[in-house]
Amino acid sequence: MGLLDTILGRSKPVRPDLDQLFALPSAAITLQAGAGFTPTGLGSVCFAGVEGGSFARIREDVRELLDADTARGGHPVEFSQDAYGYTWLLARQPADDLAALVNDLHTVNTLLQDGGFGPQLLCSLVGFKDPEDRPLALVYLYKRGTFYPFAPLPGAAEKRDSQRELQVKAVIGDDLRMEADLSRWFPVWGAPGLAVSPSGE
């Protein structure tokens, strides 16, 4: 099975355990204590968009559910498309409420999976930053049910801090199901949710 087959879901993987996402708040505490990274309040889900009314309805259901608290000061979700044609949904919550952000990401994944669009799901990520505002993402691979850290070098043209990624893996390896195959630590350059929130939320 090739890399493209893995990304596009052309295999028959074991049904992903989305509840792995709920381990993130605990891992975040370990990550802050061990490496100084704190949540930014930003997270996103990436999926391959498909045409058709049923997918459009699920997309609207996602927007409606996640935008329900905008009248009380919450942030609306944002949809965008990257250079490869993948769709990203960006969710925001207060930086000190990672549990709420994880709930949002879990909801999106579950709605798409239960709607029969699991093969279109690629990954979810949660953004972090260190005291120098260096970004970090913890990326959840939907088809693998595993996490890996992604640490782009600030100001660099698509260069990553591999040493920092390995450090993060060592720090939170007991908290999350980490992806053992480093070749699957795909870079997610410019992913929504990776940048530090300008509002601090």
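Residues numbered from 1 in each chain as written. Predicted model: local features only at pLDDT ≥ 70, side-chain atom pairs only at ≥ 80, totals over all residues. Heavy atoms only, no water.

Participant: Honestly, the packing of aromatic side chains in this entry has me stumped. Any pointers?
Facilitator: What describes a pair of aromatic rings is the distance from one ring centre to the other and the angle between the planes of the rings. Tallying each qualifying case throughout the model produces 3 aromatic pairs. Here tyrosine 140 and phenylalanine 147 contribute two aromatic rings whose centre-to-centre distance is 5.0 Å and whose plane-to-plane angle is 55 degrees, an arrangement assigned as tilted. Note on phenylalanine 150 and tryptophan 189: the rings are 5.1 Å apart at their centroids and 75 degrees apart in plane angle, and the pair reads as edge-to-face. Taken together, the residues phenylalanine 150 in strand β6 (residues 146–150) and tryptophan 189 in the segment after α5 (162–172) connect sequence positions 39 residues apart. Overall, the relative accessible area of 0% leaves phenylalanine 150 in the buried class. The partly exposed category is assigned to tryptophan 189, whose relative accessible area is 30%. (Phe/Tyr/Trp six-rings, centres within 6.5 Å; stacked < 30°, edge-to-face > 60°. Helix = DSSP H or I, 4+ residues; strand = E, 2+ residues; numbered from the N terminus. Buried < 20%, exposed > 50% of the residue type's maximum accessible area, 1.4 Å probe, protein only.)

Participant: Please explain unusual backbone geometry as it appears in this structure.
Facilitator: Trans is the common state for peptide bonds, and a negative phi is the common state for residues other than glycine. Even without being a glycine, aspartate 133 presents a positive backbone phi close to 65 degrees. Topologically, aspartate 133 is positioned in the loop between β4 (121–129) and β5 (135–141). According to the relative accessible area criterion, aspartate 133 is partly exposed, its value standing at 43%.

Participant: Please explain the packing of helix α2 (residues 24–35) against helix α4 (residues 98–117) as it appears in this structure.
Facilitator: How two helices sit against one another is set out by the angle between their axes and by the gap between those axes. One can describe the packing of α2 onto α4 by two numbers: an axis separation of 9 Å at closest approach and a directional angle of 135 degrees. Relative to α4, the element α2 is oriented oblique. Judged by the sense of rotation from one axis to the other, the crossing of α2 with α4 is right-handed. Where α2 abuts α4, its residues Leu24, Pro25 and Ala28 lie against Leu98, Ala99 and Val102. Grouping the constituent residues of the contact of α2 with α4 by class yields 6 nonpolar, no polar and no charged. (Axes fitted to C-alpha atoms, helices over the stretch in contact; angles between N-to-C directions. Parallel < 35°, antiparallel > 145°, perpendicular 65-115°, else oblique. Left-handed = near helix turned anticlockwise from the far one by under 90°. Contact = heavy atoms within 4.5 Å. Nonpolar A, V, L, I, M, F, W, Y, C, P; charged D, E, K, R; others polar.)

Participant: Looking at this structure, how should I read the state of the cysteines?
Facilitator: A covalent bond between the sulfur atoms of two cysteines is referred to as a disulfide. Counted by the stated rule, this structure contains 0 disulfides. No disulfide involves cysteine 46; its nearest neighbouring cysteine sulfur is the one of cysteine 123, lying 4.8 Å away. (Disulfide = S-S within 2.5 Å.)

Participant: Honestly, the sheet that holds strand β3 (residues 86–92) in this entry has me stumped. Any pointers?
Facilitator: Remark on secondary structure: sheet strands pair via backbone hydrogen bonds, oriented parallel or antiparallel. Here 6 strands make up an open sheet; going across it, the order is β2-β3-β1-β4-β5-β6 and the pairing antiparallel. Each edge of the open sheet carries a strand with a single partner, namely β2 (78–81) and β6. The mean inter-strand angle of the sheet, taken between neighbouring strand axes irrespective of direction, is 25 degrees. (Pairing = 2+ DSSP bridges.)

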